[in-house]
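Overview (structure and organization)
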Amino acid sequence: MITTENIKQYFNLLSESDINEAINSSVDYIGCYINGYGYVYAIPMDYTDSDEDLLSMGGFKCDKDDFLRLFVESESVNPFLLKLI
């Protein structure tokens, strides 16, 4: 589950390919979650995409601007996200 306590770690662990796929997609939202094995993901989502599975895994969906705002507020040092700021 992504919480205010671990969101910095979540952003630190995101891969360059996940970031690029989510940010450069034609849809407006990003689904953020950590799977049962501890891998972190950022996936492109449309506003019409169901987020029920995402929420059941402790994730969240936000628009791209909020995603970047949360990254800045988390004080993460992910170099792939820092390039986007």
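Going by the structure above, here's the rest.
All of the points below concern the structure found in this document. Predicted model, so just to flag it, every value in this text is computed and none were measured. (Residues numbered from 1 in each chain as written. Predicted model: local features only at pLDDT ≥ 70, side-chain atom pairs only at ≥ 80, totals over all residues. Heavy atoms only, no water.)

**Considerations on the environment of Met45**
Along the polypeptide, Met45 turns up in strand β2 (residues 40-45). Overall, the relative accessible area of 5% leaves Met45 in the buried class. Those residues in contact with Met45, other than ones at most four positions away along the chain, are Val27, Asp28, Tyr29, Gly31, Ser50, Asp51, Leu54 and Lys61. (Helix = DSSP H or I, 4+ residues; strand = E, 2+ residues; numbered from the N terminus. Buried < 20%, exposed > 50% of the residue type's maximum accessible area, 1.4 Å probe, protein only. Contact = heavy atoms within 4.5 Å.)

**Re the nonpolar core**
Counting residues in each nonpolar core, the largest one holds 19 residues, and the members touching the most others are Tyr10, Phe11, Leu14, Phe67 and Leu81. Looking at this core, the elements that each hand over two or more residues are α1 (7-13), α2 (16-23), β1 (29-34), β2, β3 (60-63) and α4 (64-74). Setting aside chain neighbours within four positions, we find Phe67 in contact with Tyr10, Phe11, Leu14, Ile23, Ile30, Cys32, Ala42, Cys62 and Leu81. (Core = buried A, V, L, I, M, F, W, Y, C linked by side-chain atoms within 4.5 Å.)

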